[in-house]
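The primary structure of each chain is shown beneath.
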Amino acid sequence: MTSYLVVGSGLFGSVFAEQMANNGDKVTVLEKRDHIAGNIYTKEVSNIQVHKYGAHIFHTSNKKVWDYINQFADFNRFTNTPMAFSKSELYNLPFNMNTFYTLWGVKDPWKAKEKIAEQSKRYRSREPRNLEEQALSLVGRDIYEILIKEYTEKQWGRPCEKLPAFIIRRLPVRFTFDNNYFDDLYQGIPVGGYTQIIERMLDHPNIEIKLMTDFLANKAEWLSKYEKVIYTGMIDEFYDYCFGELEYRSLAFEHEHFAHSNYQGNAVINYIDKTIPYTRIIEHKHFEFGDQKNTIITKEYPQKWYKGEEPFYPINNEENQHIYHKYEKLSQENSQVLFGGRLGRYRYYDMHQVIDEALNLADKLIVHKVK
Ligand code: FDA
């Protein structure tokens, strides 16, 4: 039996803990917040499941991951069909025939295709040097200026000409009237919210949970007590920023309650214009087809990240990748501590990717032990 310390009760830490506990190992889970579940935390407020850290829609084409997560909750038939509000007009996302009809009045797919080809042609002849050139070469000027530019600049806090092209390697464009945002085979929202999933994963006699406990406050002591540590916090913070600080983008959430039953008629609406400080409004009840008499919305404001605040998105440019690789190399010198999840690997991961990585890590350690 191995003794594991898992730092962080988010999805990565919890999947890993569940797997090892079922393998007969003892696991202690440390969490510095006052609740489990990390950023997928949902809380029931006035009978509505509120996504406290932003909209979380589960989607995957990985059957193994889908079967795994379905052990812990039933998923509803929610399909993400977000909309975008720009310059007093409402558009469907992802870019599809409904969007093109609103934009140009075209209803024939070939006409929409021609329009995009005509607008993007002149940007295709050379390698894009930044995000603006990349977007123009993929979708042309109208879509870029009406639906991408100002939203992206709010999101990242810099002009598109100063953002790297790789942020949008591809932009999904569909020539069908299909508003389903994801191409994945499986999609839905867990009935009753995400927190219960984590509660069920961690409900095991081999798992002990310690909330409001920051590993870094007693790092040496924790390291001396456990054979293996799985760390899902910030890798640069773990190493006391010895190679410098990695950059993140942060978010602020503003929740509002209304006594009436329907605020915007859709779960997610993006706000493109730079004159509006938030990037999205989510209306939580629509994730679960709620028929409550009241409603709750959340506005999402992108923010500059300062040390001590919640780091939401890694800024994956060359400089940060260079710094990250130094930390990664250092981590490979010590087999007691393994890094996982979005902060441990300094990578944007969707939930299904986090689950897959945690299952793979657990498999590797179990097989290694058997050998
Ligand atoms: P997570 O951050 O959840 O967990 C890490 C935990 O470690 C935290 O609870 C933290 O408090 C704790 N911790 C850190 N340092 C510690 C320390 N020193 N001591 C103790 N505890 C410590 N994905 C998707 O599939 N569909 C979607 O719709 C969305 N939507 C979405 C919206 C927004 C706004 C964001 C930012 C992200 C998404 N995601 C998503 C991604 C999803 O949130 C992500 O894949 C998982 O939450 C990552 O889980 P982790 O366990 O890696 O990190």
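Residues numbered from 1 in each chain as written. Predicted model: local features only at pLDDT ≥ 70, side-chain atom pairs only at ≥ 80, totals over all residues. Heavy atoms only, no water.

1. A few points about the overall build of the protein
The condition is simple: Under the DSSP-based scheme used, a helix requires at least four consecutive residues in state H or I and a strand at least two consecutive residues in state E, with every element numbered from the N terminus. Here the globule rule is a power law, 2.2 Å times the number of residues to the power 0.38, and the radius of gyration is based on C-alpha atoms. Burial here depends on accessible area, computed with a 1.4 Å probe over protein chains only, as a share of the maximum for the residue type. Under 20% is buried, over 50% is exposed, and the range in between is partly exposed. Pairs of residues are marked as contacts when any of their non-hydrogen atoms sit within 4.5 Å. To be clear on the numbers: accessible area is Shrake-Rupley with a 1.4 Å probe, and residue cover counts the displayed protein chains and nothing else. His is not counted, nor are the chain ends, whereas Lys and Arg count as positive and Asp and Glu as negative. Where a charge sits is defined by one atom per residue type, namely NZ (Lys), CZ (Arg), CG (Asp) or CD (Glu).
Looking only at helices and strands, one finds 11 helices and 16 strands in the protein. Relative to a compact globule of 371 residues, whose C-alpha radius of gyration would be 21 Å, the protein shows 22 Å and is just as compact. Dimensions of the protein, computed from C-alpha atoms along their principal axes, come out at roughly 65 × 50 × 40 Å. The buried share of the protein, taken over its 371 residues, is 56%. Across the protein, every contact between residues at least 6 apart in sequence was considered, and the portion connecting residues at least 24 apart equals 71%. For the protein, the computed accessible surface area is about 17900 Å², with 48% contributed by carbon and sulfur atoms. Seen as two clouds, the 47 positive and the 50 negative side-chain charges of the protein have centres 3 Å apart.

2. Thoughts on the packing of helix α1 (residues 11-22) against helix α6 (residues 195-202)
For the record, the criterion: Every angle, taken between N-to-C directions, lies between 0 and 180 degrees, and every axis is a line fitted to C-alpha atoms, over only the stretch in contact when it is a helix. Oblique is the label for every angle not falling under 35 degrees (roughly parallel), over 145 degrees (roughly antiparallel), or within 65 to 115 degrees (roughly perpendicular). Here a crossing is called left-handed whenever its near helix is offset anticlockwise from the far helix by less than a right angle, and right-handed whenever the offset is clockwise. In this classification, the charged set is Asp, Glu, Lys and Arg, the nonpolar set is Ala, Val, Leu, Ile, Met, Phe, Trp, Tyr, Cys and Pro, and all remaining amino acids, among them Gly, are polar.
Axis separation between α1 and α6 bottoms out at 8 Å; the angle between their running directions is 30°. Overall, the two elements α1 and α6 adopt an arrangement that is roughly parallel. As α1 packs across α6, the resulting crossing turns out to be left-handed. Contacts between α1 and α6 involve Leu-11, Ser-14, Val-15, Ala-17 and Glu-18 from the first element and Ile-198, Met-201 and Leu-202 from the second. Taken together, the residues of the contact of α1 with α6 break down into six nonpolar, one polar and one charged.

3. A short note on the pairing of strand β2 (residues 26-30)
Selection criterion: One bridge is not enough; two strands pair if DSSP finds at least two bridges between them. By the criterion used throughout, a crossover qualifies as right-handed when its path from the first strand across the helix to the second strand runs clockwise, the strands pointing away from the viewer.
Burial within β2 is extensive, with four of its five residues counted as buried. Pairing of strand β1 (residues 3-7) with β2, which is carried by five bridges, proceeds in the parallel orientation. Of the residues in β2, the one forming a bridge with Tyr-4 is Val-27. Taken together, β1, α1 and β2 constitute a β-α-β crossover, and its handedness is right-handed. As judged from the four bridges shared by β2 and strand β9 (residues 207-210), these two strands associate in the parallel manner. The residue bridging Val-27 from the neighbouring strand is Ile-207, located in β9.

4. Some details on the site of the ligand
The line we're drawing: We call a residue near a given molecule or strand whenever any one of its heavy atoms falls within 4 Å of it. For this analysis, a polar contact is any N or O atom pair within 3.5 Å, provided that within protein one partner can donate a hydrogen and the other can accept it, and provided that sequence-adjacent residues contribute only side-chain to side-chain pairs.
Around the ligand, the structure places 33 residues, and the nearest of them are Glu-31, His-56, Arg-342, Tyr-349 and Met-351. One of the backbone nitrogen or oxygen atoms of Phe-12 is found 3.0 Å away from an oxygen atom of the ligand. A distance of 3.3 Å is found between an oxygen atom of the ligand and a side-chain nitrogen or oxygen belonging to Arg-33. In isolation the ligand exposes 1000 Å². Once the protein is present, 97% of that is buried. Counting residues per element, the ones that place at least two in the shell around the ligand are α1, α10 (341-344) and α11 (351-370). Among the residues forming the shell around the ligand, the class breakdown is 18 nonpolar, nine polar and six charged.

5. As for the domain arrangement of the protein
Which entries qualify depends on this criterion: Marked domain ranges trace back to an automatic or database domain assignment.
Under the domain assignment, the protein is made up of domain 1 (3-74 + 186-247 + 314-370) and domain 2 (83-168). If you average the C-alpha positions of domain 1 and of domain 2, the two centres end up 35 Å apart.

6. So, helix α4 (residues 109-120)
Given 3.6 residues per helical turn, the α-helix brings residues three or four places apart onto the same face. Rules: To estimate how far a helix should reach, multiply one less than its number of residues by 1.5 Å. Summarising the geometry, the arc corresponds to the directions from the helix axis toward the C-beta atoms.
An ideal rise of 1.5 Å per residue puts 16 Å on 12 residues; α4 measures up with 17 Å between its terminal C-alpha atoms. Along α4, the residues that are buried comprise Ala-112, Ile-116, Gln-119 and Ser-120. Buried positions in α4, seen along its axis, are confined to an arc of 90° and lie on one side of it. Among the exposed residues of α4, those oriented more than 90 degrees off its buried face are Trp-110 and Glu-118. On its buried face, α4 is in contact with α3 (97-104) and α5 (131-156).

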